[in-house]
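Take a look at the letters that make up each chain.
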Number of protein chains: 2
Amino acid sequence: MLRGKQTWWFENRPVILGAATVVGPDEGDGPLAPCFDLIHPELDMQQKSWEKAERLLMEQATDIAIRNAGVSKEQLQFFIGGDLLNQIISSTFAARELELPYLGVFGACSTSMESLALSAMLVNSRSARRVLAGVCSHNCTAEKQFRYPTEYGSQKPPTAQYTVTGAGAAVIAEEGSGPVITSATIGRVVDMGITDPFNMGAAMAPAAVDTIQSHFEDTGRSPEDYDLIVTGDLASVGHPIAKDLLERNGVPIGKTEFTDCGLMIYDMVKQKNIIQAGGSGCACSAVVTYGHLLKRVRKGELKRILVVATGALMSPLSYQQGETIPCIAHAVSIEGGG
Amino acid sequence: MLRGKQTWWFENRPVILGAATVVGPDEGDGPLAPCFDLIHPELDMQQKSWEKAERLLMEQATDIAIRNAGVSKEQLQFFIGGDLLNQIISSTFAARELELPYLGVFGACSTSMESLALSAMLVNSRSARRVLAGVCSHNCTAEKQFRYPTEYGSQKPPTAQYTVTGAGAAVIAEEGSGPVITSATIGRVVDMGITDPFNMGAAMAPAAVDTIQSHFEDTGRSPEDYDLIVTGDLASVGHPIAKDLLERNGVPIGKTEFTDCGLMIYDMVKQKNIIQAGGSGCACSAVVTYGHLLKRVRKGELKRILVVATGALMSPLSYQQGETIPCIAHAVSIEGGG
């Protein structure tokens, strides 16, 4: 494997053999609804707790991904998963059901691409033939854990983002047919001193920019090498900041489509009152990528895309202790396969 | 890289170029005190919160490991870290200072070997020249987060374990002199239905056994191929259970030294009142391995060891919701190098 400073080149072209997305009612009301494998009409999904509902999302997404990949569970070697909950319990409980060797990862909302990058690296280096990657988030578990009790009905500023209820999973394999993963850039922690957890898009934008620039430096590529560059969940406040910063740093995106998963998953007009600045959460970039973008790649509408998942790595405790919000972004490039 | 079902063979023999351990006062009172790089005489380490103290441990351990490895920070490519705190904030804040591309991982106390295994895999597959792995835990942050407020003075049953205050870090490199990492076995989630968080050793023992057996199956090795097999933190309740289970499953350990980091780090007689069944926490297996065991390997006293770090993957919330304790163990084999 060739390597840039922080980029892995996957010369063996690991294949995304199959993927799956499961979402909640608000995502099912959004413009990408036709792309999802399963839409739950209720947030509680007939479970006794929000956490059990989140776990169900992960279990369903991983099950459907395995089925969509046309493999059996026994043909998979590892499960790499993570989520936003303390001690990533949703992933762990899913791993218990899957009975696969399990690597738990955490990068807040960037976990989607952290798990995909590591899965591709295992397959590319012949350390595994097939790996399952998956992440999930649930609006109510995140609200409860990071903000206020869900019964509280607290109001939010327009800079706040709405955690996506959903799970996305993918089977990455050394051979087969499907989109291929050609490189991944692992991000550094970037912290510009923002302390407002209701403005995470602004906090995360510099991390996205840092990773995008590093990706171009390491690979020698430039924006025009991509049909689409998509950030994870910067939403309506953070995404324009990222665009500005890239221009100021001399890496204007130019004519390449440059958007954000947090702006795509909901109807920014019709659902404005609920979602404020847009979507966030591990599942945001996962369901947009695995549901919507991979379909566009498979159809040939997009030949090469760069998914830059962003994460705000603070905890409620670190915030309460006056710490700023450390952020990160991991980028994965995906191309139309054979 | 050859592969068993869940084992990576590191044919390029990644080297542990340098390692470091930083601990608190109770660990400094224990029998391994001479092995640690730095011992803090006070639990608060003159920081304003337990969390800031834990972060300091991680920052010091990573700094000293880099120095001990004889490299500069700029020569490292990735930092793979994790800890027990919600959203692994200690590792994240350390990553912010290190300014290295960062992969956050979580496997509870097994994070020590999860991070080491992944680091070795990156180096072995030529995806990185040098990787820094590190984990930490602090008795008071763990008590506060997982059990009761530290001011509470709650009493504990004798099956309870005592979270190690410390951090361990290592630099893994493609060349240089030092002990080498020759394989790693990634564990599955094993859950035998135990719900008592004051008896984690018993909960984790079957996971350790599952990984040890898988390691032998995948590698064709048997216990006598090792001079020492050490579990992470099963302590006085869990370790004998693991030994019994291995015998019952037809894999008796025989004459190979078989012990547990949770039994080694404290004086089990003199410190009994504090530590109950023994040590636990991410730092337990990390400081025993990086501090004590690597020194024995370097001296030639041990030619080949297998470190099987165990983790109890529950969260306080999953426990309160009546869930059982899912457990995992990851094993790494280390040999005397050139």
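Residues numbered from 1 in each chain as written. Chains lettered and ligands numbered in written order. Predicted model: local features only at pLDDT ≥ 70, side-chain atom pairs only at ≥ 80, totals over all residues. Heavy atoms only, no water.

Going by what an unreviewed UniProt entry lists, chain A is known as Stage V sporulation protein AD and is assigned to Paenibacillus roseus.

Draft legend 1. Expanded view of the interface of chain B and chain A. Opposite the 60 residues of chain B that make contact, chain A presents 60 residues. The tally of links between chain B and chain A comes to 6 salt bridges. Across the salt bridge formed by Glu323(A) and Lys52(B), the nearest N and O atoms sit 3.0 Å from each other. Inspection of the region where chain B meets chain A yields 26 residue pairs in polar contact (both at pLDDT 80 or more). Listed by contribution, the elements that provide at least two residues to the side of chain B that touches chain A are helix H2 (50-69), helix H3 (89-98), strand S5 (102-104), helix H4 (111-124), helix H5 (139-146), helix H11 (316-320) and strand S14 (327-335) of chain B. (Contact = heavy atoms within 4.5 Å. Salt bridge = Lys/Arg side-chain N within 4 Å of Asp/Glu carboxyl O. Polar contact = N/O pair within 3.5 Å; in protein donor to acceptor, adjacent residues only side chain to side chain. Helix = DSSP H or I, 4+ residues; strand = E, 2+ residues; numbered from the N terminus.)

Draft legend 2. Structural view of the layout of surface pockets. If you add up the space inside the largest pocket, you get close to 490 Å³. Surrounding the largest pocket, 21 residues form its lining, Asn86(A), Gln145(A), Asn86(B), Gln145(B) and Pro316(B) being those nearest its centre. Of all the secondary-structure elements, those providing two or more residues to the lining of the largest pocket are helix H5 (139-146) and helix H11 (316-320) of chain A together with H5 and H11 of chain B. Grouping the constituent residues of the lining of the largest pocket by class yields 7 nonpolar, 10 polar and 4 charged. Quantified by volume, the second largest pocket comes out at close to 350 Å³. Sorting the residues of the lining of the second largest pocket by element identifies H5 and helix H9 (272-275) of chain B as the ones contributing at least two each. A per-element tally of the lining of the second largest pocket places H5(B) first, with 3 residues. (1 Å grid on protein atoms, 1.4 Å probe; cavity = no way out; pocket = protein on both sides within 12 Å on 5 of 7 lines; lining within 4 Å. Points joined across faces, edges and corners; volume = space filled by probe spheres on them. Nonpolar A, V, L, I, M, F, W, Y, C, P; charged D, E, K, R; others polar.)

Draft legend 3. Representation of the packing of aromatic side chains. This model, assessed by the stated rule, comprises 10 aromatic pairs over all chains. When the centroid spacing of 5.5 Å and the interplanar angle of 45 degrees are considered together, the rings of Trp8(A) and Phe78(B) count as tilted. One end of the pair, Trp8(A), is in strand S1 (residues 7-9); the other, Phe78(B), is in strand S4 (residues 78-83), on a second chain. In this structure, Trp8(A) and Phe78(B) share a single accessibility class: buried. Judged by centre distance (5.4 Å) and plane angle (5 degrees), the rings of Tyr148(B) and Tyr152(B) are stacked. The class for Tyr148(B) is partly exposed, based on a relative accessible area of 36%. One aromatic cluster is present, built from ring pairs that chain together Trp8(A), Phe10(A) and Phe78(B). Across from the ring centre of Phe93(A), 4.0 Å away, lies the NZ or CZ of Arg55(A), which sits over that ring. (Phe/Tyr/Trp six-rings, centres within 6.5 Å; stacked < 30°, edge-to-face > 60°. Buried < 20%, exposed > 50% of the residue type's maximum accessible area, 1.4 Å probe, protein only. Lys NZ or Arg CZ within 6 Å of the ring centre and 35° of its normal.)

Draft legend 4. Seen up close, the environment of Pro25(B). All names here are of chain B. With respect to the helices and strands, Pro25 occurs in helix H1 (residues 25-28). Taking the relative accessible area as the measure of exposure, Pro25 reaches 19% and is therefore buried. Distance from Pro25 to Arg130, taken between C-alpha atoms, is 32 Å for residues 105 residues apart in sequence. For Pro25, the residues in contact, after removing those within four places along its chain, are His40, Pro41, Glu42 and Leu43.

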